[in-house]
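# Summary of the model geometry
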Amino acid sequence: MKRTKCIMVQGTMSGAGKSLLCAGFCRVFAQDGLKVAPFKSQNMALNSYVTRNGLEMGRAQVVQAQAAGIEPDVRMNPILLKPSSDIGSQVIVNGEVRGQMSATEYFAMKRQLIPDILEAYNSLAEENDVIVIEGAGSPAEINLRTDDIVNMGMAELVDAPVLLAGDIDRGGVFAQLYGTVALLEPQEQARIGGLIINKFRGDEAILRPGLTMLEEKTGIPVLGVVPYLRVNVDDEDSLAPCLENQDAKKPLDIAVIRLPRISNFTDFSLLDEHPAMGVRYVQSVRELGNPDLVILPGTKSTLSDLLWMRQNGLEAAVCKLAHAGVPVLGICGGYQMLGQSLSDPYGTEGGGEMHGMGLLPIDTVFDAQKTRTRMQAKVVAPDFEGAQLDGYEIHTGKTTVHGDAFCILENGQPDGCVNGNVFGTYLHGLFDTGSLTQKLAEFLCQRKGISCEQAAPVSHRAYQEQQFDLLADGIRRALDMQKIYALMEGRK
C-alpha cells in the first residue's frame, strides 16, 4: 500500500472549529497541487447529504470534499449517527441504515466497526496524496477513551500526527488546551505535533506571553492563532451560529421554525445571502411575529416535532398566518407536517397517527424504507414556475398528494404540493442553483409592495468556491504551514 500523508485535527470541545479548519486544510493542499480527501470515522449530525450513488453521509465531509475540489464519497464518513432522541440514534454505516440503537447499545458494538473504518480509510489513501482527518468532540473525554474510534484511537489506527485546536471565543482557551493535554496518556500527548488557538478577535501580541507559557507547560509548539474568519461555509450541527440568529435586518423577513430535531438547515444559507432576504430561526410564538415567509424545515422526528409545535402554540400561530395569506413553505419533514394526516404503522418514528396542520391536501404514511436520491427538477407552482432545481431527497414515508404538484422531477414524476400560498416539497437543496431564490424574492417583494433588488442568481457552488478561497487564505496567514507539512512527513 502506498504511504499517504495525513494530518488529524482534534479539538478541546465540540464546536471548537475542527470542521472549518479541516475544510481550510483541504483547500490549501488542493491549491498546492496535491490530491486530498477528508475523513471522519464517526460523525454525529442531523444535517446529512445524499451522494451521487444514493448513499448518506455527514455534511461536514461533504463541504470538506468540495473544498478539496472532489466529489463527496461515503468512504469519507463511514459511520454517521443521526440522533432521534436524547439517548438514541439511527446508525448509518457506509451510507446504509444499520438500525436504531441506544447509546449503550452502540458503545457496546462500535469496535466491531473498525474494519469498516479502516477499509474506507485505506481505499481513500490509495487514491490520494493527503488525508485530512477530523476528530469529534474532545479526546479528553476520559469516560469514552476505552474503544475510542474517532479521536486518539483513530490517530493510532493510521499513525496520524495530531493538531489540537482550542476555541478562544468561548473563553478559557489556555485551560482548554493544557487540560486536554494533561488528561491524555503519554503516548497520546506525544502524538500532538502542534496547538492551534482558533476564533481569535483582537491583537495577537496580547496573547504572546500566554502562548509561551502554554508551550512551556505542554512541551508542544503553538503553530498559530487563527482569527475569527468571516467566511460563510455550511455548518452541520446544532451548534451552528446561524441558528442563533433571531433578527432579520433586511427588507424581507424569513422565519424558519427551529424544530428540536431540525435537519439540513443548510438549505437556507443561500437565502440569507440574497440582499433582500434575512433569515432568522424561531422557537416560540413570541419570536415568530409577522414574517413575510414561514419555513418548516426538515426534521429527523416529524411526529414528535409536530407535537412540540402543537404544544407550544407554534402550529396554531403558523396556521393563523397561512390563513391570513402569509406564504408557508415546508421541506421534507416540514412538508409532511403541513398535510392532513401522518401515520406510522410500522413504528418508524415511534408509531401512532396524528392529524397534520391541514394546510396541504396530502397524507403521509411512514415505513422503514428510506428514500435517498439526487434529483433535478423544474418548478411548476404558478408563482415560481420555471425555476430549475438541483437537490436531493432523504426521508422515510410516502406521501399521497390530492392536489397540484410543486415541481416535476427529471424522471417525469411530480413532487410536492401547492395550495394557494402554502407550498411543500421533499427536495433539499432547492435554493442551491439560485433560480428559485430570485423568484421567491420577487414574489415576496411584490406581495409586500416594495422594490426587489435584482441580484443575479448565484449558485451555491459558485458562492462556496469563493468562500473556500477566503478560508484557505486565512489558514495560510495564521498557521505555520511549513511545520504542518513537516509533521505529515514524520518530522517534528
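Owing to the predicted nature of the structure, the values given are computational and were not obtained by experimental measurement. (Residues numbered from 1 in each chain as written. Predicted model: local features only at pLDDT ≥ 70, side-chain atom pairs only at ≥ 80, totals over all residues. Heavy atoms only, no water.)

### Some thoughts on the overall build of the protein chain
The condition is simple: The helix and strand labels rest on DSSP assignments: H or I over at least four residues marks a helix, E over at least two residues marks a strand, and numbering proceeds from the N terminus. We compute the radius of gyration from the C-alpha atoms alone; for a globule the expected value is 2.2 Å times N to the 0.38, where N is the number of residues. Any residue under 20% of the maximum accessible area for its type is buried, any over 50% is exposed, and the rest in between are partly exposed; the area is computed with a 1.4 Å probe on protein chains only. Two residues qualify as a contact provided that any one of their heavy atoms is within 4.5 Å of a heavy atom in the partner residue. Accessible surface area values rest on a Shrake-Rupley calculation with a 1.4 Å probe, where residue burial reflects the displayed protein chains alone.
The number of helices and strands found in the protein chain is 16 helices and 26 strands. Over its C-alpha atoms the protein chain spans a radius of gyration of 23 Å, differing by no more than 12% from the 23 Å that the globule rule assigns to 492 residues. Across the 492 residues of the protein chain, 58% fall into the buried class. Pairs at least 24 apart in sequence give 73% of the contacts found in the protein chain among residues at least 6 apart. For the protein chain, the computed accessible surface area is about 19500 Å², with 49% contributed by carbon and sulfur atoms.

### Details of the environment of Tyr426
Within the fold, Tyr426 resides in the loop between strand 26 (422-425) and helix 14 (435-448). In this structure Tyr426 comes out as buried when scored by relative accessible area, which is 6%. With 308 residues separating them in the primary sequence, Tyr426 and Leu118 have C-alpha atoms 34 Å apart. Apart from residues lying up to four places away in sequence, Tyr426 is in contact with Cys332, Tyr335, Gln336, Thr364, Tyr392, Glu393, His395, Gly397, Thr399 and Asp415.

### Quick word on the nonpolar core
Worth spelling out the cut-off: For the purposes of this section, nonpolar cores are sets of buried Ala, Val, Leu, Ile, Met, Phe, Trp, Tyr and Cys residues that join through side-chain atoms within 4.5 Å.
Grouped together as the largest cluster of nonpolar side chains are 69 residues, with contacts concentrated most on Ile257, Phe268, Leu288, Leu296 and Met357. Not counting residues up to four positions away in its chain, the partners in contact with Phe268 are Val256, Val279, Tyr281, Ile295, Pro297, Ile331 and Phe431. Among the nonpolar cores identified, the runner-up in size contains 53 residues, and Met8, Ala37, Phe39 and Leu207 belong to it.

### Topic: the side chain of Gln464
Position of Gln464 among the secondary structure elements: in helix 15 (residues 460-478). You can call Gln464 buried: its relative accessible area is 3%. Those residues in contact with Gln464, other than ones at most four positions away along the chain, are Val63, Gln66 and Asp234.

### With respect to the pairing of strand 15 (residues 277-282)
To be explicit about the condition: Two strands qualify as a pair provided that DSSP identifies no fewer than 2 bridges between them.
Counting buried positions over the 6 residues of strand 15 gives 6, a clear majority of the element. Burial along strand 15 is two-sided: the face carrying Met277, Val279 and Tyr281 and the face carrying Gly278, Arg280 and Val282 are both buried. Across 6 bridges, the pairing between strand 13 (residues 252-257) and strand 15 is parallel. Looking at the pairing, Leu252 lines up with Met277 of strand 15.

### Considering the sheet that holds strand 6 (residues 79-83)
The condition that has to hold: With axes taken as lines fitted to C-alpha atoms, and helix axes fitted only over the stretch in contact, angles between N-to-C directions fall between 0 and 180 degrees.
Pairing within the open sheet is mixed, and its 4 strands lie in the order 3-6-7-8. A single partner strand is all that each edge strand has here, and the edge strands are strand 3 (42-44) and strand 8 (96-102). Across the sheet, the axes of successive neighbouring strands diverge by a mean angle of 25°, strand direction being ignored. Across 3 bridges, strand 3 lies against strand 6 in parallel orientation. Along strand 6, the bridge assignment pairs Gln42 with Ile79.

### So, the pairing of strand 10 (residues 162-167)
Summarising burial for strand 10: 6 of the 6 residues are buried, a large majority. The pairing of strand 1 (residues 5-11) with strand 10 spans 4 bridges and is parallel. Within strand 10, the residue paired with Gln10 across the bridge is Leu164. Across 6 bridges, the pairing between strand 10 and strand 11 (residues 192-200) is parallel.

### Quick look at the packing of aromatic side chains
The geometry of an aromatic ring pair comes down to the distance between the two centres and the angle between the two planes. Applied cut-off: Ring geometry is summarised as follows: Phe, Tyr and Trp rings, the Trp one being its six-membered ring, pair when their centres sit within 6.5 Å, and such pairs are stacked at plane angles under 30 degrees, edge-to-face over 60 and tilted between the two.
As enumerated under the stated definition, the model contains 10 aromatic pairs in all. Ring geometry for Phe29 versus Tyr485: centroids 5.4 Å apart, planes at 70°, classification edge-to-face. Of this pair, Phe29 sits in helix 1 (residues 18-31) while Tyr485 is found in helix 16 (residues 481-488), placing the two residues 456 residues apart along the sequence. Since its relative accessible area comes to 24%, Tyr485 is described here as partly exposed. Between the aromatic rings of Phe39 and Tyr121, the centroid separation amounts to 5.3 Å while the plane-to-plane angle is 85°, which identifies the pairing as edge-to-face. Taken together, the positions of Phe39 in strand 2 (residues 36-39) and Tyr121 in helix 4 (residues 114-127) put the pair 82 residues apart, joining distant regions of the chain. This pair shows no difference in class: Phe39 is buried, exactly as Tyr121 is.

### Brief notes about the packing of helix 1 against helix 15
Heads up, the rule is: Throughout, the term roughly parallel applies to angles under 35 degrees, roughly antiparallel to angles over 145, roughly perpendicular to angles from 65 to 115, and oblique to all others. Here the term charged refers only to Asp, Glu, Lys and Arg, the term nonpolar to Ala, Val, Leu, Ile, Met, Phe, Trp, Tyr, Cys and Pro, and the term polar to all other amino acids, Gly among them.
The interhelical angle for the contact between helix 1 and helix 15, taken along N-to-C directions, is 90°, at an axis separation of 8 Å. With respect to their mutual orientation, helix 1 and helix 15 come out roughly perpendicular. Counting all contacts with helix 1, which are made through Leu20, Leu21, Ala23, Gly24, Phe25, Arg27, Val28 and Gln31, the residues of helix 15 involved are Glu465, Phe468, Asp469, Leu471, Ala472, Ile475 and Arg476. A class-by-class count of the residues in the contact of helix 1 with helix 15 yields 9 nonpolar, 2 polar and 4 charged.

### Re the sheet that holds strand 11
Across the sheet, which stays open at both edges, the 6 strands sit in the order 2-9-1-10-11-12 with parallel pairing between neighbours. The open sheet is flanked by strand 2 and strand 12 (222-227), the only strands paired with a single partner. Sheet twist, expressed as the average angle between the axes of neighbouring strands with direction ignored, equals 20°. Against the sheet, helix 1 engages strand 1, strand 2, strand 9 (130-134), strand 10, strand 11 and strand 12, with an angle of about 170° to strand 9. Sitting on the sheet, helix 8 (residues 208-218) is in contact with strand 11 and strand 12, with an inclination near 140° to strand 12.

### Describing the environment of Tyr121
The class for Tyr121 is buried, based on a relative accessible area of 5%. Distance from Tyr121 to Pro38, taken between C-alpha atoms, is 9.6 Å for residues 83 residues apart in sequence.

### A few points about the pattern of salt bridges
Where side chains of opposite charge bring their charged atoms close, a pairing between them can arise. Condition: In what follows, salt bridge is the name for a side-chain nitrogen of Lys or Arg lying within 4 Å of a carboxyl oxygen of Asp or Glu.
Inspection of every chain in the model, using the stated rule, returns 22 salt bridges. The salt bridge involving Asp32 is made with Arg476; its shortest N-O contact spans 2.7 Å. Of this pair, Asp32 sits in the loop between helix 1 and strand 2 while Arg476 sits in helix 15, placing them 444 residues apart in sequence. Where Asp73 meets Arg75, a salt bridge forms, and the shortest distance between an N and an O atom there is 2.9 Å. Taken together, the salt bridges that share partners define one network made up of Arg27, Glu465 and Asp469.

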